[in-house]
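Understanding the architecture of this molecule
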Amino acid sequence: MLRRNICNEAGARSDGLMFVSVLFITAFTYIALTTNPVYTGIGVGDRAPDLSGQVWDGNSWTDFDLQDNIDSMWSEGDGGTYYMIEFMDTNCGACIKSASEITNQQSKWTGDNPTRSMPENVTVEFLAVSISLRGGTEGWDYGQTEITDFRTEYEHTFGYMDDHDNDNRDEWGIPGTPTYFLVAPNGIILYATPDAEQGLSIWDAMDYEIPTGGVM
Amino acid sequence: MELDANTQLMFHWIPIVFGLFLMSPLGEGLGKQLSSRWESLDTVRGRTLGGMIAVMFGGFTVSAHTLWIHNKASEMGGGQFCSADGVWDCSSVIGNSDWNTMPFIGLPWGLLGMMAFALFLWLAISIAKEPSATWVSSNLSIGRNFGILGILMIFYLIYAEYEIGKLCQYCTTAHVSHVASTIGFFRLSKMYGGSDWSNSSVITAETESKERRKRGGYVAPKNSSEEE
């Protein structure tokens, strides 16, 4: 009587499974050991999403793209530019309140002679992204004139991005205003208001994260 | 010396081209030459399975490479991990965060490719090792169905490339492997139950016993009389 060979049938499947498992584990281990993926998001440790649009620098509207100002090869200890990004609305009360504080902070961090001690090859740039929280609502006016007037009123010297179409707000998923981010020269977020511990402000984070002292 | 991305891609094409050649009618001569080492390559079924395994292996390695590029692009923020040469620009496709993961699930396409080719390899290797097993028919059916599902995904990825305006040479290599593997499963299904399959089985069963005896391995009894 001819008997079906069950042992060989099972053996063929497990031999195949063994080969495939070894192949899969080898490939996966190699990938895990040689790469360190960082995902794009707005949490601390994430890569900042793209941020682009027209920026008012006090004289003209110019195109700006955060990615063009990122040095992906940067590592801690290198020189570079840190970005303090504020998502704000020129009509929002909390943003108006914080505008004066930013005026005080800008001389500490930005310009040719910041009062905060920093290595010579480290710079800090502020960027305000003006979004539209309540477009069409009476009393909430939007437009480039609103942005330029706001900047002049608070004597801000840094750039203001026009995001009244909310493209960047949607890309970043901004929950409210003002929302602050500190972005390292390699594009990694070091501080984000939604992630921040209670009481830890952007200015505290900048003091902690941005190096002090002479040339690095 | 660092090889550019297109040269690295050639290494994935080597098993794929070899497999495609073996699967085609042109591969008969090659199969006969190699049959002294792998006897099953003397048969159409053996050549088809051997070719499929080579093609799937190439598909697996290129998918793993795609996942590596995906992770590296995420680590370094884009970058030039793939060559950008006109319309063939894998950086723009694999590094594109809008399209480089599966919708809803969020798995990188490279990882999905690795899983798909691992499954295909398992199905094909199992059949190659035991072509007369009871589960061969279901293995072939799983291979066919996953093959068709994969082809639908390939159409989606071609649409993504169209939207991005660039073609990814690594992805295309994986697509070619997938389509060839699917065709292989259909060819095997057509053969299954026919003379091509059973003749090969007889040859394989006989030669397998001989080879095992040569190696001193255990030969499972086929008849009840052999057992006694």
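Quick caveat: nothing in here was measured; it's all calculated off a predicted structure.

**A word on the overall build of chain A**
Across its full length, chain A holds five helices and seven strands. Start at the N end of chain A and walk to the C end: the helices and strands fall as α-β-β-β-α-β-α-β-α-β-β-α. Against the 2.2 N^0.38 benchmark of 17 Å for 216 residues, chain A shows a C-alpha radius of gyration of 25 Å, more extended than a compact globule. If one aligns the C-alpha atoms of chain A with their principal axes, the spans along those axes are about 100 × 50 × 35 Å. Residues classed as buried in chain A amount to 43% of the 216 residues present. Long-range pairs, those at least 24 residues apart, make up 70% of the contacts in chain A between residues at least 6 apart in sequence. Entry remark: accessible area of chain A is about 11200 Å², with carbon and sulfur atoms responsible for 49%. With 10 positive and 34 negative side-chain charges, chain A shows a spacing of 17 Å between the two charge centroids.

**Details of the pattern of salt bridges**
Residue and element names in this part refer to chain A. All chains considered together, the criterion is met by five salt bridges over all chains. Between Arg 116 and Asp 207 there is a salt bridge, and its shortest N-O distance comes to 3.3 Å. Of this pair, Arg 116 sits in the loop between helix H2 (93–109) and strand S4 (122–131) while Asp 207 sits in helix H5 (residues 202–209); the two residues are 91 residues apart in sequence, bridging distant segments of the chain. Owing to a relative accessible area of 8%, Arg 116 belongs among the buried residues under this scheme.

**A closer look at the nonpolar core**
What tends to happen in soluble globular proteins is that the nonpolar side chains get buried as a cluster. The biggest cluster of nonpolar side chains holds 44 residues, and the ones touching the most others in it are Met 56, Phe 60, Met 114 and Tyr 170 of chain B. Sorting the residues of this core by element identifies helix H1 (6–34) of chain A together with helix H1 (5–23), helix H3 (44–76), helix H4 (90–94), helix H5 (109–129), helix H6 (136–164) and helix H7 (169–191) of chain B as the ones contributing at least two each. Considering every element that reaches this core, the biggest residue donor is H5 of chain B, with ten residues. In this structure, Met 88, Cys 92, Ile 147 and Ile 210 of chain A belong to the second largest nonpolar core, which totals 29 residues.

**Thoughts on the packing of aromatic side chains**
Counted under the stated rule, the structure contains 20 aromatic pairs over all chains. Relative to Phe 158 of chain A, the ring of Phe 126 of chain A lies with its centre 5.5 Å away and its plane at 65°, an arrangement referred to as edge-to-face. With a gap of 32 residues between them, Phe 126 of chain A in strand S4 and Phe 158 of chain A in the loop between helix H3 (144–153) and strand S5 (159–163) connect regions that are remote in the sequence. Using a relative accessible area of 3% as the deciding quantity, one classes Phe 126 of chain A as buried. Centre to centre, the rings of Tyr 192 of chain B and Trp 197 of chain B are 5.1 Å apart; their planes meet at 90°, and the pair counts as edge-to-face. Members of the aromatic cluster, each reached through a chain of ring pairs, are Phe 126, Phe 150, Tyr 154, Phe 158, Tyr 160, Tyr 180 and Trp 203 of chain A. One residue, Arg 45 of chain B, lies across the ring of Trp 197 of chain B, its end atom 5.3 Å from the ring centre.

**What to know about the packing of H3 of chain B against H7 of chain B**
Residue and element names in this part refer to chain B. One way to put it is that H3 packs onto H7 with a least axis distance of 8 Å and a crossing angle of 155°. With respect to H7, the element H3 is oriented roughly antiparallel. Considering how the two elements wind past one another, H3 and H7 form a crossing that is left-handed. When the residues that make up the contact of H3 with H7 are grouped by side-chain class, the tally is 13 nonpolar, ten polar and two charged.

**Quick word on the side chain of His 156 of chain A**
All names here are of chain A. Considering the arrangement of structural elements, one finds His 156 in the loop between H3 and S5. Residue His 156 is classed as buried on the basis of its relative accessible area of 4%. With sequence-adjacent residues up to four places away left out, His 156 is seen in contact with Ala 99, Ile 102, Thr 103, Gln 106 and Arg 151.

**Observations concerning a nonpolar patch on the surface**
Residue and element names in this part refer to chain B. Together, Ile 142, Phe 146, Ile 148, Leu 149, Leu 152, Phe 155, Ile 158 and Phe 186 make up an exposed nonpolar region whose accessible area comes to about 750 Å². For the nonpolar patch, the element with the most residues is H6, which contributes seven residues. Looking at the secondary structure, you find Ile 158 in helix H6.

**Side note on the packing of H1 of chain B against helix H2 (residues 27–34) of chain B**
Residue and element names in this part refer to chain B. Running from N to C, H1 and H2 cross one another at 100°; their axes reach a closest spacing of 7 Å. Between H1 and H2, the interaxial angle falls into the category roughly perpendicular. Residues Phe 18, Phe 21 and Leu 22 of H1 form the contact with H2, whose participating residues are Gly 27, Leu 30, Gly 31 and Leu 34. Along the lines of polarity and charge, the residues of the contact of H1 with H2 split into five nonpolar, two polar and no charged.

**Digging into the state of the cysteines**
Enumeration according to the criterion identifies two disulfides over all chains in this entry. The side chain of Cys 92 of chain A participates in a disulfide bridge whose partner is Cys 95 of chain A; the two sulfur atoms lie 2.4 Å from each other. The sign of the S-S torsion, about 90°, decides the handedness of the disulfide formed by Cys 92 of chain A and Cys 95 of chain A: right-handed. What makes Cys 95 of chain A buried here is its relative accessible area of 1%. Disulfide pairing places Cys 168 of chain B opposite Cys 171 of chain B at an S-S distance of 2.2 Å. Across the disulfide from Cys 168 of chain B to Cys 171 of chain B, rotation about the S-S bond amounts to roughly 80°, and the bridge is consequently right-handed. On the basis of relative accessible area, Cys 168 of chain B is assigned to the buried category, the value being 0%.

The rules behind these values
Residues numbered from 1 in each chain as written. Chains lettered and ligands numbered in written order. Predicted model: local features only at pLDDT ≥ 70, side-chain atom pairs only at ≥ 80, totals over all residues. Heavy atoms only, no water. Helix = DSSP H or I, 4+ residues; strand = E, 2+ residues; numbered from the N terminus. Rg over C-alpha atoms; globule rule 2.2 N^0.38 Å. Buried < 20%, exposed > 50% of the residue type's maximum accessible area, 1.4 Å probe, protein only. Contact = heavy atoms within 4.5 Å. Areas by Shrake-Rupley, 256 points an atom, 1.4 Å probe, with all protein chains shown as cover. Lys, Arg positive; Asp, Glu negative; His and termini not counted. Charge placed at Lys NZ, Arg CZ, Asp CG, Glu CD. Salt bridge = Lys/Arg side-chain N within 4 Å of Asp/Glu carboxyl O. Core = buried A, V, L, I, M, F, W, Y, C linked by side-chain atoms within 4.5 Å. Phe/Tyr/Trp six-rings, centres within 6.5 Å; stacked < 30°, edge-to-face > 60°. Lys NZ or Arg CZ within 6 Å of the ring centre and 35° of its normal. Axes fitted to C-alpha atoms, helices over the stretch in contact; angles between N-to-C directions. Parallel < 35°, antiparallel > 145°, perpendicular 65-115°, else oblique. Left-handed = near helix turned anticlockwise from the far one by under 90°. Nonpolar A, V, L, I, M, F, W, Y, C, P; charged D, E, K, R; others polar. Patch = residues over 30% accessible without salt bridge, like charges linked within 9 Å, V, L, I, M, F, W, Y side chains within 5 Å. Disulfide = S-S within 2.5 Å.

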